[in-house]
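Chain by chain, the residues run as shown.
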Amino acid sequence: MTTNVKPAACVFHPASTPDFLPAEQLQHLQLERLQNMVARAYNHVSLFRQRMDERKCKPQDMKCLSDVARLPFTVKADLRDTYPFGLFASDMRDVVRLHASSGTTGKPIVVAYTAEDVQVWTNVMVRTLAACGCAEGDIIQNAYGYGLFTGGLGAHYGAEGLGATVIPISGGNTDRQIMVMQDFGVTAICCTPSYFLHIVERAGEMGVDLKALPIRAGVFGAEPWSDAMRAYMEKAAGIKAYDIYGLTEIIGPGVASECREQSGLHVFEDYFYPEIVNPQTLEPVPDGGEGELVLTTLAKKAMPMIRYRTRDITSLITEPCPCGRTIRRIRRIGRRSDDMFIIRGINVFPSQVEAALLAVEGTLPHYQIVLTRQKGLDEMDVQVEVTAAFFSDKVSALESLHDRLSSAIEHTLGLRVKVSLVEPHTIERSMGKAKRLIDRRNEKTEA
Ligand code: ADP
Ligand code: ZN
């Protein structure tokens, strides 16, 4: 039997990781890995071979790192179109793990890991936690969801690899989270920032002063969160709150992480090669300029990813970081190049909601999604106009329509949300592009 976890006894020294390699050595390593990865992707994945052939690009053309720009892009739709296993470069016998993320249609996107991939993932999550000031001896409460979502297991393996003690509590049951935090001497917590906000609020109601507990670090990611939210949480809980970034298509959490400077996220670029492109022209953006983050995996075996368009908007910081890490940083991600939003960790597009609504008879194509934050948790209210006939009809008809809409949306998103039926012409009409999304989540907390 193979074991994918580094033995906890192996003491971890951040300085011995590629985070601190001199630039030339790092680039040498990146190029070597790039050449192997592109050859593997070309030989084992028909989509990549086809796209590279169209561009008359061969694996042996990867002579220097800038040759990455010759490779074709990959987008989320490619993962959907090849659902479930079409982009795998390994035999299923070598795949030790599958994860999935909420896709833009009813079908999720599926990703695979070999034992080596799990080790790489552990490695980058160990480095993430170390960058967030965690070390052997820490007691880490892992409140990211365990399951198909990559957050839980990613942070779990990282915490174990670091030699810390991990509490695999997963998300939810907030009162118990707070009890564990008090009783187990928790020193760091991993979860989404919005969930931590909820924990802070609930602790207040329970009369628990988080500032008086040993907890000193929060490792927060999977969704955008502002500096204002950070300041609020750090003050309320007496912790340092670090931003970590990742995405399922690339590996899960562990693509980039803040360090003690909390000023940009170091990309683990010995494994994930970053580029910034203009999302319209797809041309490279000069260093420091804002654009869409594009990532190429350099060592993934089961599912290599070539120039994956993340849709996340950021810029590369090329100045050296005072922490001493030589790997480059990206600025915190506040927005995406499309209209996706994330609610309770699930990716949602207004178009998905629209499709679900319109599939149910009796509704009008006038709807609005209102996002609010109540008690620290994101709430989504889908307001939809229904035909006048329904309002003059029996209450039971409205109730039944309401139920059908709720389940249609739940079926599409995998998320139960509030649905409000409103009379025709209630929702404001727009002269240009309709504003489907009203995001009020930051209105109160950030005042
Ligand atoms: P996972 O959180 O498991 O990686 P997904 O792959 O579904 O889940 O979501 C990835 C997306 O989440 C990213 O492309 C990005 O838009 C968003 N995201 C993840 N981490 C952050 C972060 N720290 N800040 C802003 N957005 C983030
Ligand atoms: Zn740094």
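Residues numbered from 1 in each chain as written. Chains lettered and ligands numbered in written order. Predicted model: local features only at pLDDT ≥ 70, side-chain atom pairs only at ≥ 80, totals over all residues. Heavy atoms only, no water.

## Brief notes about the site of ligand 1
By nearness alone, 19 residues border ligand 1, and Thr150, Asp243, Ile244, Thr248 and Asp312 come closest of all. In the model, a nitrogen atom of ligand 1 is placed 2.7 Å from a nitrogen or oxygen of the Ile244 main chain. Compared with its free state, where it exposes 540 Å², ligand 1 has 96% of that area covered by protein. Of the residues that constitute the shell around ligand 1, the class distribution is eight nonpolar, six polar and five charged. (Near = heavy atom within 4 Å. Polar contact = N/O pair within 3.5 Å; in protein donor to acceptor, adjacent residues only side chain to side chain. Areas by Shrake-Rupley, 256 points an atom, 1.4 Å probe, with all protein chains shown as cover. Nonpolar A, V, L, I, M, F, W, Y, C, P; charged D, E, K, R; others polar.)

## A short note on helix H8 (residues 227-237)
When we look at burial in H8, the residues that qualify are Met229, Arg230, Met233 and Ala237. Within H8, the buried residues cover an arc of 100° as seen down the axis, which keeps them to one side. Across from the buried face of H8, at angles greater than 90 degrees, the exposed residues are Asp227 and Lys235. Directly after H8, the chain includes Gly238, whose backbone phi takes a positive value near 65°. (Buried < 20%, exposed > 50% of the residue type's maximum accessible area, 1.4 Å probe, protein only. Helix = DSSP H or I, 4+ residues; strand = E, 2+ residues; numbered from the N terminus. Arc of directions from axis to C-beta.)

## Remarks on the side chain of Ser315
If you trace the backbone, Ser315 turns up in strand E12 (residues 308-317). A polar contact of 2.9 Å, which involves the side chain of Ser315, links it to the side chain of Arg331. Setting aside residues no more than four positions away along its own chain, Ser315 makes contact with Ile276, Gly288, Gly289, Glu290, Arg329, Ile330 and Arg331. (Contact = heavy atoms within 4.5 Å.)

## Details of the pattern of salt bridges
Tallied over the entire structure, the rule returns 29 salt bridges. Of the charged contacts, one joins Asp270 and Arg33 as a salt bridge, the two residues approaching to 3.8 Å between their closest N and O atoms. Here Asp270 is found in the loop between strand E9 (265-267) and strand E10 (272-277), whereas its partner Arg33 is found in helix H1 (residues 23-44), with 237 residues between them in sequence. A salt bridge links Lys301 to Glu116; the nearest nitrogen and oxygen atoms lie 3.0 Å apart. Placement of Lys301 in the loop between strand E11 (290-297) and E12 and of Glu116 in helix H4 (residues 115-131) is noted, with a sequence separation of 185 residues between them. For Lys301, a relative accessible area of 26% gives the class partly exposed. (Salt bridge = Lys/Arg side-chain N within 4 Å of Asp/Glu carboxyl O.)

## Structural notes on the domain arrangement of the chain
Annotation of the chain at the domain level lists domain 1 (14-338) and domain 2 (349-439). Centre-to-centre separation of domain 1 and domain 2, based on C-alpha positions: 33 Å. (Domains from an automatic or database assignment.)

## Things to note about the packing of H4 against helix H5 (residues 150-162)
Axes are the key here: two packed helices are described by the angle between their axes and the distance separating the axes. Packing of H4 against H5 brings their axes to within 7 Å, and their N-to-C directions diverge by 75°. In terms of orientation, H4 lies roughly perpendicular with respect to H5. Residues Val118, Trp121, Thr122, Met125, Val126, Leu129 and Ala130 of H4 touch H5, and the partners they reach there are Thr150, Gly154, Ala155, Tyr157, Gly158, Ala159, Gly161 and Leu162. Class assignment for the residues of the contact of H4 with H5 results in 10 nonpolar, five polar and no charged. (Axes fitted to C-alpha atoms, helices over the stretch in contact; angles between N-to-C directions. Parallel < 35°, antiparallel > 145°, perpendicular 65-115°, else oblique.)

## A few points about the packing of aromatic side chains
One pass over the structure, following the stated rule, counts five aromatic pairs. When the centroid spacing of 4.8 Å and the interplanar angle of 15° are considered together, the rings of Tyr113 and Trp121 count as stacked. Accessibility classification places Tyr113 together with Trp121 in one group, the buried group. Considering the side-chain rings of Tyr271 and Phe272, the 6.4 Å spacing of their centres and the 55° angle between planes classify their relative orientation as tilted. By the ring-pair criterion, three or more aromatic residues cluster together here, those being Phe196, Phe220 and Trp225. Stacked on the ring of Phe73, the Lys or Arg Arg307 has its end atom at 4.0 Å from the ring centre. (Phe/Tyr/Trp six-rings, centres within 6.5 Å; stacked < 30°, edge-to-face > 60°. Lys NZ or Arg CZ within 6 Å of the ring centre and 35° of its normal.)

## Overview of the nonpolar core
Membership of the largest hydrophobic core comes to 78 residues, with the highest contact counts inside it found for Leu34, Ile140, Leu162, Tyr245, Phe272 and Ile330. Aside from chain neighbours lying at most four places away, what touches Ile140 is Leu129, Cys134, Ala159, Leu162, Ala164, Thr165, Val166, Ile167, Ala188 and Cys190. (Core = buried A, V, L, I, M, F, W, Y, C linked by side-chain atoms within 4.5 Å.)

## A word on the coordination of the zinc ion (ligand 2)
Only Cys259 (SG), His266 (NE2), Cys321 (SG) and Cys323 (SG) from the protein coordinate the zinc ion (ligand 2), and they sit 2.1 to 2.3 Å from it. For the zinc ion (ligand 2), the four donor atoms in the first shell make angles of 105 to 115° at the metal, a pattern classed as tetrahedral. When the donors of the zinc ion (ligand 2) are listed by position in the chain, the intervening gaps give C-x6-H-x54-C-x1-C. Here the residue His266 occupies a position in strand E9, and Cys321 occupies one in the loop between E12 and strand E13 (329-330), the gap between them amounting to 55 residues. (Donors = N, O, S within 2.8 Å, 3.2 Å for Na, K, Ca; no water. Tetrahedral: all angles 85-135°; square planar, octahedral: opposite > 155°, others 65-115°.)

## Re the pairing of strand E2 (residues 109-114)
Across the six residues of E2, six count as buried, placing the element largely inside the fold. Pairing between strand E1 (residues 95-101) and E2: six bridges, direction antiparallel. Across the sheet, Arg97 pairs through a bridge with Tyr113, a residue of E2. (Pairing = 2+ DSSP bridges.)

## Points about the environment of Leu210
Looking at the secondary structure, you find Leu210 in the loop between helix H7 (193-206) and strand E6 (217-221). Between the C-alpha atom of Leu210 and that of Asp19, which follows or precedes it by 191 residues, the distance is 32 Å. Excluding anything up to four places from it in sequence, Leu210 contacts Met181, Phe196, Val200, Ala203, Ile215, Ala236 and Ala237.

## A closer look at unusual backbone geometry
Omega for the bond connecting Tyr83 with Pro84 falls within 30 degrees of zero, at -5°, which places this linkage in the cis form. Residue position: Pro84 is located in the loop between helix H3 (76-81) and E1. Here the phi dihedral of Asn173 falls at roughly 50°; this positive angle occurs in a residue that is not glycine. Inspection of the secondary structure assignment puts Asn173 in the loop between strand E4 (165-167) and helix H6 (174-183). Classification of Asn173 as partly exposed rests on a relative accessible area of 46%. Backbone geometry places Arg344, a non-glycine residue, at a positive phi of 45°. Turning to its location among the elements, Arg344 is positioned in the loop between strand E15 (341-343) and strand E16 (346-348). Overall, the relative accessible area of 35% leaves Arg344 in the partly exposed class.

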